[in-house]
Amino acid sequence: MTEKVENTKKVKIPRHDMPCQEPQVRARNFEEVALGYAQETAIEEAKRCLQCKNPKCVTGCPVSVLIPEFIKKIAEGDFQEAGNVLKVKNSLPAVCGRVCPQEAQCESKCILGIKGESVAIGRLERFAADFGMQSGKSEVVKPQSSGKRVAIIGAGPAGLACAGDLAKDGHAVTIFEALHVAGGVLMYGIPQFRLPKEIVQTEIDNLKQMGVEILTNQVVGKITSVDELMENGYDSVFIGTGAGLPYFMDIPGENLNGVYSANEFLTRTNLMKGYKFPEYATPVKVGKNVAVLGAGNVAMDSARTALRLGAENVYIIYRRSRDEMPARKEELEHAEEEGIQFRLLTNPVAIEGDERGWVKSLTCLRYELGEPDASGRRAPVAIKGSEFEIPMDTVVVAIGQGPNPLVTTSTPGLELNKRGNIVADPDTLVTSKPGVFAGGDIVTGAATVILAMGAGKKAAAGIDQYLKGK
Amino acid sequence: MYHVVKKRLLATGIALLEVNAPAVAAKVEPGQFVIVRLDELSERIPLTVMDFDREKGTITIVIQDVGYSSAIITGMNEGDEFQDFVGPLGVASEIENYGTVVCIGGGLGIAPVHPIARALKEAGNHVISVLGSRSADLLILEDEMRAASSEVVIATNDGSQGVKGFVTDGLAEVLAQGHQVKAIWAIGPMIMMKAVVDYTRSLGIKTIVSMNPIMVDGTGMCGACRISVGNETKFACVDGPEFDGHLVDFDLAMKRLAFYKDEENRAKARLECNHEGGHH
């Protein structure tokens, strides 16, 4: 009875906000936007958790983090143990606490959310993971060796999660990464102000301490192949090469100077640290007026990056309406607070250039919402004769990415779907090639960090089973 | 790990570096390129391969001091290391026995044409190489090209060696001799490749060029290197770097090369400024 009263009270306690840098200040620097909970706030927030016997939140988590258990430890003030509990299921908790769409996952299932506000699971995850990182006392237990070797292609979220679980199972893991640093999209794509690279590096260093070997500068498909890896003593191969092929709109003017793929724009800024040019030698350039085409998280990242690089007007150009924007709510809000301008129900039809081949303006068409289309969303319909031109210096195309073909085309016998994604068994993630597994964006098409991590973990389980049967 | 095994100055501001990179050397084929990065602060720089030695495990690159990063790399010495050395990248040249072929190298472009000429000769072709430079003292790799080719024609802008004029004049001389040329490789500055394809288009001789646009990752991820080939957008890093020169939009490619001119000048000025600062 007392417990029930207690719980009714909890529903009424509002969720605790996380402090952020002021919008006007942060819009001009690359420091992290969200500042994380103070210890007292974390304890207060953790105390809101009902500690459900049958926790629904866990069912909403692609990697089944032990949510009530780690939150209980925070409520008790045992932050170190909270971090350890997190790591049981999640090898990159400090990353997930920052970039997971919790509102659509764990937090959407929280019982408190029915009548009030859900527990801020993501913020608590970030708090516990950061505490573990700063204390430097993360436990690394090296399990007994299984004698089996696994090659992982791609050191992005899928590959890293897969590596973490395989290492826990005692398998010797080598990751082959094409770029000069590990991390994939966590390093080249997601900006510093949303996911500091030092955090990613620390999580990667933890994996290395667990015995995971990471070889950078290895473009599989060129320097070696899946078949060669299998011939050279690897018992299994996991392909987690992601969605690294940028799509363009296929409109006139896309090859003008000043038009970037979001991949290029973000890679120059994040991976190559172009925002520190000329100290770092790779330049990245924005003009006064910047258009970002698309409305997903990558588009928000690009727009907010453009602002921080000194643009005066940054527009998100999207042909549907606000409700259909695929970006996380928090990212949209942050972007809006910082002064990103939304041009909704607007679609670019051409980019105009000057005689030197530089972007001069963007021609757009206005849209209205019609009947629902195949996606269930109301289809945008062009309004005839509504063309208009906006002066523009820079255009960033952020309409999605496809599967990079370097690995898939160099692997005979690997079944692909018509979009070029690898076909994998939904339960074990084994491909049409025995011993070869695949997961993440290379299988599903571009999705989220956490879904890729979930796939990496699922594949690790599949690989472990396969190796035990060998 | 990727240290310079041997360095040779080929001309003022042009260095040949033989770099230890066994895994790359084991797989590289003529026509492919590598991306190098000197240290944490450096750019990723694509460079075509001039030579490779599978047994020694080395890749040879040739670089000219034209900008901030290239100036630093040109100044590297034996024992110095690259932090990153990625390759082989891009699609290899289509080497087969065509009959008689012409390999044109202009300026620094002689370096990437070298392994292609050698492979074509080994495949049984009669390889006529046309080498061009502004003047005799800037002509690089003449001995290597003589060894890799059946015949060599040299053209210098000032007439200080061989034919006076451009590589197109050298090519005209070859064609005037009545050779039945089945294919041409032309590698050099964009303006040179454009001149060659404009010349060979009317003659109907297949002409392959190697594109060197601005690049970042070199694996098809960023799309910076896009060029227009037959009105289709291609990524030079994964679809090329070699393309049918008659289909390439060179005007666009040349405009795109200028995108970071201001930043390049700023970086170079900074380097020169540092040099004058008393460290050297």
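Residues numbered from 1 in each chain as written. Chains lettered and ligands numbered in written order. Predicted model: local features only at pLDDT ≥ 70, side-chain atom pairs only at ≥ 80, totals over all residues. Heavy atoms only, no water.

Overview of the overall build of chain A
Next up, step 1: What chain A contains, in helices and strands, is 20 helices and 16 strands.
Next up, step 2: Along the first, second and third principal axes, the C-alpha set of chain A runs to 65 × 65 × 50 Å.
Next up, step 3: Split into buried and exposed, the 470 residues of chain A put 58% on the buried side.
Next up, step 4: Long-range pairs, those at least 24 residues apart, make up 70% of the contacts in chain A with a sequence separation of at least 6. (Helix = DSSP H or I, 4+ residues; strand = E, 2+ residues; numbered from the N terminus. Buried < 20%, exposed > 50% of the residue type's maximum accessible area, 1.4 Å probe, protein only. Contact = heavy atoms within 4.5 Å.)

Some words on unusual backbone geometry
Next up, step 1: Here the residue pair phenylalanine 277 of chain A and proline 278 of chain A is connected by a cis peptide bond, since its omega of 5° sits within 30 degrees of zero.
Next up, step 2: Positionally, proline 278 of chain A belongs in the loop between α15 (262-271) and β7 (289-293).
Next up, step 3: Geometrically, the link from glycine 240 of chain B to proline 241 of chain B is a cis peptide bond, its omega value of 15° lying close to zero.
Next up, step 4: Despite not being glycine, aspartate 250 of chain A shows a phi value in the positive range, around 65°.
Next up, step 5: With respect to the secondary-structure elements, aspartate 250 of chain A resides in the loop between β5 (245-246) and β6 (259-261).
Next up, step 6: By relative accessible area, which is 74% here, aspartate 250 of chain A ends up exposed.

Some words on the side chain of aspartate 464 of chain A
Residues and elements named next belong to chain A.
Next up, step 1: Looking at where aspartate 464 falls in the secondary structure, it is placed in helix α20 (residues 449-468).
Next up, step 2: In this structure aspartate 464 comes out as buried when scored by relative accessible area, which is 9%.
Next up, step 3: Within the local environment of aspartate 464, its side chain forms a polar contact with the side chain of lysine 468, the two groups lying 2.8 Å apart.
Next up, step 4: Beyond its immediate chain neighbours, meaning those up to four positions away, aspartate 464 contacts Leu166, Asp169 and His171. (Polar contact = N/O pair within 3.5 Å; in protein donor to acceptor, adjacent residues only side chain to side chain.)

Let's talk about the interface of chain B and chain A
One widely used convention gives an interface's size as the accessible area the parts lose upon coming together.
Next up, step 1: Facing 46 residues of chain B, the contacting portion of chain A comprises 43 residues.
Next up, step 2: Between chain B and chain A, a total of about 3,700 Å² is buried, with carbon and sulfur atoms accounting for 57% of that surface.
Next up, step 3: Three residues stand out in chain B for area buried against chain A, namely Met221, Arg226 and Phe259 of chain B, and they jointly supply 19% of the buried area on that side.
Next up, step 4: Across the chain B-chain A interface, the total number found is two salt bridges.
Next up, step 5: Between glutamate 263 of chain B and lysine 285 of chain A there is a salt bridge, and its shortest N-O distance comes to 3.0 Å.
Next up, step 6: Mapped onto the side of chain B that touches chain A, the elements with two or more residues apiece are α1 (22-27), α2 (68-74), β7 (84-89), β15 (232-235), α8 (250-257) and α9 (261-279) of chain B.
Next up, step 7: If one sorts the elements of the side of chain B that touches chain A by residue count, β7 of chain B sits on top with six residues. (Buried area = accessible area lost by both parts, 1.4 Å probe. Salt bridge = Lys/Arg side-chain N within 4 Å of Asp/Glu carboxyl O.)

With respect to the sheet that holds strand β16 (residues 436-438) of chain A
Residues and elements named next belong to chain A.
Next up, step 1: The strand order across the open sheet formed by five strands is β3-β2-β1-β4-β16, and the pairing between neighbours is parallel. Edge positions in the open sheet fall to β3 (213-215) and β16, since each of these has one partner strand only. Recorded for the sheet is a direction-independent mean angle of 20° between the axes of neighbouring strands.
Next up, step 2: With three bridges joining them, strand β4 (residues 236-239) and β16 adopt parallel strand pairing. Looking across to β16, one finds that phenylalanine 238 is bridged to phenylalanine 437.
Next up, step 3: Here helix α11 (residues 157-168) sits on the sheet in contact with β1 (149-153), β2 (172-176) and β4, set at roughly 165° to β2. (Pairing = 2+ DSSP bridges. Axes fitted to C-alpha atoms, helices over the stretch in contact; angles between N-to-C directions.)

A closer look at the confidence of the model for chain B
Residues and elements named next belong to chain B.
Next up, step 1: When pLDDT is averaged across chain B, the result is 93; 96% of the residues are at 70 or more.
Next up, step 2: The low-confidence segment residues 276-280 (pLDDT under 50) makes two contacts with residues lying over four places distant or belonging to another chain.
Next up, step 3: The ipTM for the predicted assembly is 0.93, set against a pTM of 0.93. (pLDDT = per-residue confidence, 0-100.)

Observations regarding α20 of chain A
Next up, step 1: For α20 of chain A, built from 20 residues, the straight-helix expectation of 28 Å at 1.5 Å per residue is met to within 8% by its first-to-last C-alpha distance of 29 Å.
Next up, step 2: For α20 of chain A, a buried count of 14 out of 20 residues is recorded, marking the element as mostly surrounded by other parts of the structure. (Expected span 1.5 Å × (residues − 1).)

Let's talk about the pattern of salt bridges
Next up, step 1: Applying the stated criterion across every chain yields a total of 42 salt bridges over all chains.
Next up, step 2: In this structure, aspartate 198 of chain B engages arginine 201 of chain B in a salt bridge whose closest nitrogen and oxygen atoms are separated by 3.2 Å. Remark: arginine 201 of chain B and aspartate 198 of chain B occur in helix α6 (residues 190-203); sequence separation between them is three residues, near one turn of the helix.
Next up, step 3: Judged by its relative accessible area of 40%, aspartate 198 of chain B is partly exposed.
Next up, step 4: Residue glutamate 232 of chain B pairs with lysine 234 of chain B through a salt bridge whose shortest N-O separation is 3.5 Å.
Next up, step 5: Note on glutamate 232 of chain B: relative accessible area 47%, which makes it partly exposed.
Next up, step 6: Counted as one network, the salt bridges with shared partners bring together Arg26, Glu103, Arg194, Asp301, Arg304, Arg308, Arg328, Glu330, Glu331, Glu337 and Glu338 of chain A.

Section: the UniProt feature "domain: FAD/NAD(P)-binding" (unreviewed entry) in chain A
Next up, step 1: The sites that UniProt annotates as "domain: FAD/NAD(P)-binding" (unreviewed entry) are residues 149-456 of chain A.
Next up, step 2: As annotated, residues 149-456 of chain A comprises 27% helix and 24% strand, and the C-alpha atoms at either end are separated by 16 Å. (UniProt positions renumbered as here; feature names shortened; annotations may be inferred.)

Quick notes on the UniProt feature "domain: FAD-binding FR-type" (unreviewed entry) in chain B
Next up, step 1: What UniProt calls "domain: FAD-binding FR-type" (unreviewed entry) maps, in this numbering, to residues 1-95 of chain B.
Next up, step 2: Between the C-alpha atoms that bound residues 1-95 of chain B the distance is 31 Å, and the span itself is 14% helix and 48% strand.

A few points about the side chain of asparagine 289 of chain A
Next up, step 1: By the element assignment, asparagine 289 of chain A lies in strand β7.
Next up, step 2: When near neighbours in sequence (up to four residues on either side) are disregarded, asparagine 289 of chain A contacts Asn313, Tyr315, Pro391, Met392, Asp393 and Thr394 of chain A.

Focus on the environment of tyrosine 318 of chain A
Residue and element names in this part refer to chain A.
Next up, step 1: Along the chain, tyrosine 318 falls in the loop between β8 (313-317) and α17 (329-338).
Next up, step 2: Looking at tyrosine 318, the relative accessible area reads 10%, which means it is buried.
Next up, step 3: For tyrosine 318 and lysine 433, which are 115 residues apart along the polypeptide, the C-alpha to C-alpha distance reads 40 Å.
Next up, step 4: Once you skip the residues sitting within four places of it in the chain, tyrosine 318 turns out to touch Ala295, Glu324, Met325, Pro326, Arg343, Leu344, Leu345, Thr346 and Arg377.
Next up, step 5: Within the structure, tyrosine 318 has its side chain in polar contact with the backbone oxygen of glutamate 324 (distance 3.0 Å).

Some remarks on the UniProt feature "domain: Dihydroprymidine dehydrogenase" (unreviewed entry) in chain A
Next up, step 1: Feature annotation in UniProt assigns "domain: Dihydroprymidine dehydrogenase" (unreviewed entry) to the following positions: residues 26-135 of chain A.
Next up, step 2: Helix makes up 58% of residues 26-135 of chain A and strand 0%, with an end-to-end C-alpha separation of 27 Å.

Observations regarding the packing of helix α16 (residues 297-308) of chain A against α17 of chain A
Residues and elements named next belong to chain A.
Next up, step 1: Here α16 crosses α17 at 25°, and the two axes come no closer than 10 Å. The angle between the axes of α16 and α17 places the two elements in the roughly parallel class. Between α16 and α17 lies a crossing whose hand is left-handed. Facing Asn297, Met300, Arg304, Leu307 and Arg308 of α16, the residues of α17 in contact are Glu331, Leu332, His334, Ala335 and Glu338.
Next up, step 2: Considered class by class, the residues forming the contact of α16 with α17 number four nonpolar, two polar and four charged. (Parallel < 35°, antiparallel > 145°, perpendicular 65-115°, else oblique. Left-handed = near helix turned anticlockwise from the far one by under 90°. Nonpolar A, V, L, I, M, F, W, Y, C, P; charged D, E, K, R; others polar.)

A closer look at the nonpolar core
Next up, step 1: Grouped together as the largest cluster of nonpolar side chains are 89 residues, with contacts concentrated most on Ile67, Phe70, Ile74 and Ile239 of chain A.
Next up, step 2: With nine residues, α20 of chain A is the largest single contributor of residues to this core.
Next up, step 3: Counting residues in each nonpolar core, the second largest holds 55 residues, with Tyr315 and Cys364 of chain A together with Ile104 and Val229 of chain B among its members. (Core = buried A, V, L, I, M, F, W, Y, C linked by side-chain atoms within 4.5 Å.)

Examining the packing of aromatic side chains
Next up, step 1: Throughout the structure, instances matching the rule amount to 14 aromatic pairs over all chains.
Next up, step 2: Seen from their ring centres, phenylalanine 30 of chain A and tyrosine 275 of chain A are 4.1 Å apart, and the 20° between their planes marks the pair as stacked. Of this pair, phenylalanine 30 of chain A sits in the loop between α2 (23-26) and α3 (39-47) while tyrosine 275 of chain A sits in the loop between α15 and β7, placing them 245 residues apart in sequence.
Next up, step 3: Tyrosine 275 of chain A sits in the partly exposed class, given a relative accessible area of 22%.
Next up, step 4: Aromatic rings pair up to connect Tyr260, Phe265 and Trp358 of chain A together with Phe259 and Tyr260 of chain B into one cluster. (Phe/Tyr/Trp six-rings, centres within 6.5 Å; stacked < 30°, edge-to-face > 60°.)

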